[in-house]
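As a plain string of letters, each chain reads:
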Amino acid sequence: MAVPDGAVRVALLGCGVVGTEVARLLLTQGDDLAARVGARLELVGIAVRDASVPRDPVVDPALLTTDAEDLVTRADVVVEVMGGIEPARGLLLRAIASGAAVVTANKALLGADGPTLYAAADAAGVDVYFEAAVAGAIPLVRPVRESLAGDRVTRVLGIVNGTTNYVLDQMTTTGLDLDQAVKQAQELGYAEANPTADVEGYDAAAKAAILASLAFHTRVAVDDVHREGILAVTAEDVAWAQRTGHVIKLLAIAELARPAAADEGTAEGRGGEDAGRRGVVVRVHPALVPLDHPLAGVHGAFNAVFVEAESAGELMFYGRGAGGAPTASAVLGDVVTVARHRVTGGKGPVESSYAELPVHGVGEARTRYQVLLRVEDRPGVLAQVAQAFAARGVSIEAVRQGVAAAGDDGAQADILVVTHQARDAALSATVADIAGLPVVRSVMSVLRVEGA
Ligand code: NDP
Ligand code: HSE
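The rules behind each value
Residues numbered from 1 in each chain as written. Chains lettered and ligands numbered in written order. Predicted model: local features only at pLDDT ≥ 70, side-chain atom pairs only at ≥ 80, totals over all residues. Heavy atoms only, no water. Core = buried A, V, L, I, M, F, W, Y, C linked by side-chain atoms within 4.5 Å. Buried < 20%, exposed > 50% of the residue type's maximum accessible area, 1.4 Å probe, protein only. Helix = DSSP H or I, 4+ residues; strand = E, 2+ residues; numbered from the N terminus. Domains from an automatic or database assignment. Contact = heavy atoms within 4.5 Å. Phe/Tyr/Trp six-rings, centres within 6.5 Å; stacked < 30°, edge-to-face > 60°. Near = heavy atom within 4 Å. Polar contact = N/O pair within 3.5 Å; in protein donor to acceptor, adjacent residues only side chain to side chain. Areas by Shrake-Rupley, 256 points an atom, 1.4 Å probe, with all protein chains shown as cover. Nonpolar A, V, L, I, M, F, W, Y, C, P; charged D, E, K, R; others polar. Pairing = 2+ DSSP bridges.

K.L.:
I tried to follow the nonpolar core on my own but got confused; where do I start?
P.N.:
Within soluble globular proteins, side chains that are nonpolar generally end up buried alongside one another. With 77 residues, the main nonpolar core has Val 78, Phe 130, Leu 140, Phe 216 and Val 307 as its most contacted residues. When residues in this core are grouped by element, the largest group, 11 residues, is from helix H10 (residues 202–216). No fewer than three residues from each of domain 1 (7–137 + 325–344) and domain 2 (141–320) sit in this core. If we skip the residues at most four places from it in the chain, Val 307 touches Leu 140, Val 144, Leu 148, Val 153, Arg 155, Val 156, Gly 313, Glu 314, Leu 315 and Phe 317. In this structure, Val 8, Val 59, Leu 332 and Ala 339 belong to the second largest nonpolar core, which totals 34 residues.

K.L.:
What is the right way to read the packing of aromatic side chains from this model?
P.N.:
Any aromatic ring pair is given by two values, namely how distant the centres are and how the planes are angled relative to each other. With the rule as written, the count across this model stands at three aromatic pairs. Here the aromatic rings of Phe 302 and Tyr 318 are separated by 5.2 Å at their centres, their planes lie at 10°, and the arrangement is stacked. Here Phe 302, found in strand S11 (residues 302–309), pairs with Tyr 318, found in strand S12 (residues 313–320); they are 16 residues apart in sequence, far enough to count as distant. Judged by its relative accessible area of 22%, Phe 302 falls in the partly exposed class. What makes Tyr 318 partly exposed here is its relative accessible area of 46%.

K.L.:
Sorry if this is basic, but what is going on with the site of ligand 1 here?
P.N.:
Around ligand 1, 24 residues are found, and the nearest of them are Cys 15, Val 18, Arg 55, Glu 192 and Gly 323. Lys 107 is positioned such that a nitrogen or oxygen atom in its side chain is 3.1 Å from an oxygen atom of ligand 1. Bound to the protein, ligand 1 loses 85% of the 900 Å² it would expose on its own. Looking at the shell around ligand 1 residue by residue, the classes come out as 12 nonpolar, seven polar and five charged. Of the domains in this structure, domain 1 (7–137 + 325–344) and domain 2 (141–320) are the two that each give at least three residues to the shell around ligand 1.

K.L.:
What is the right way to look at the pairing of strand S7 (residues 153–159) in this model?
P.N.:
In terms of residue burial, S7 counts as a mostly covered element, since six of its seven residues are buried. The pairing of S7 with S11 spans six bridges and is classified as antiparallel. Note on S11: the bridge partner recorded for Gly 158 is Val 305. Sheet topology places S7 next to strand S9 (residues 246–257); four bridges connect them, and they run antiparallel. Directly across from Leu 157, in S9, lies its bridge partner Ile 253.

K.L.:
What should I look at first to understand the domain arrangement of the protein chain in this one?
P.N.:
It is common to report an interface's size as the accessible area lost on association of the parts. Split by domain assignment, the protein chain resolves into domain 1 (7–137 + 325–344), domain 2 (141–320) and domain 3 (365–449). Just the C-alpha atoms count here: the centres of domain 1 and domain 3 sit 52 Å apart.

Here it is, written out as structure tokens:
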């Protein structure tokens, strides 16, 4: 497509943590970017909510506008770094309808309704790029979407939220409490405008949905993702993790899984539409990671993701997962690519969802549990607990008992049980059974163990 006056017009939606850094790169690296694109990138406007707010000196106030609707029709490339579902979705659809390529860092939008954007862009023959939407600066979307397009991905596992990794890391290394650590993450520009999206796992779930969709050529929406945030992680959990040679990380895991019915040869398994057919399970939750696993060494707001593929084997991606400048790097990489397409022709990949694998619930995932129980300290108690695991077909890997101070009801002990791998449904049912045993005073902690 011809570039009208020799420059590619770029409109920026948002001038916050990320937008400011995108503007800085566009305005200060102009010559290099022009050489890489084959034409100059001209920043034609920056849409904000309030144009009277003082901005970084790099931003020319004359570029600011509150009329985003108009701005998106005056650009060849629209970069959306405002966040949220609306008006971002409407503006991007308007941009696409006007013939602009779009670049977005908005995982909340893509996780909730990416296919609407992809379909509109496909119909209009324009690009949608979104490297910054998953894991900040780390090139991950492109490797999964393009470099591994000839392989079969079997699993994606990693840390994709910088804020929660920062918080858990601070809780582990400095003893800071959750609220203090979240405040620090906000000050450092890692957290979302509303940090609930981070600590309750919505941000990671949206990223997991995006990665799963790309990896398994199947539409996975954020609502398909099993999600547990970090609000229930206590200082005691952190201490127990350290005692048992682990750290707690918020993990996003997307993997192929066969439904139990297929394994067990039940009527559903034999006759159901998905009989014997592998599906996808996508989950986000805190997990214990052994200290010798590479993910245990991922500190601060860094992210790290393992991708396993049949031919490639295991790949690891590591880097800054949040923050203005790192995220702007990923955004600019996309801007250069789509602008180059404007200048020299060509177009990036469209949505690939042909596989249409079934998306199963977390119950079909295979994992291990570490369960901490406070129990009556008398003969036969351990046997009852062990029997509860056996009754659900869950094999125990290790048991450790510690003395607990006597309670009002007499002597008590703490028992830590680590299981072998089993279906999540069987593990969670076992925990419910155990909680109902009269000899069990409380289930103090239940955490999955991954990466062992
Ligand atoms: P900020 O809250 O810092 O900035 C948002 C910007 O968008 C502000 O300039 C705001 O205007 C503008 N904006 C918001 N709503 C509107 C609206 N309705 N109309 C016009 N302008 C609007 O967010 P971030 O920069 O942190 O994040 C932006 C996007 O990037 C989000 O999708 C986020 O998930 C994603 N992202 C963020 C990362 C990070 O580390 N921060 C990392 C990776 C992705 P005003 O300034 O006037 O309020
Ligand atoms: N709030 C997000 C995080 C920003 O902490 O990872 C990057 O997507």
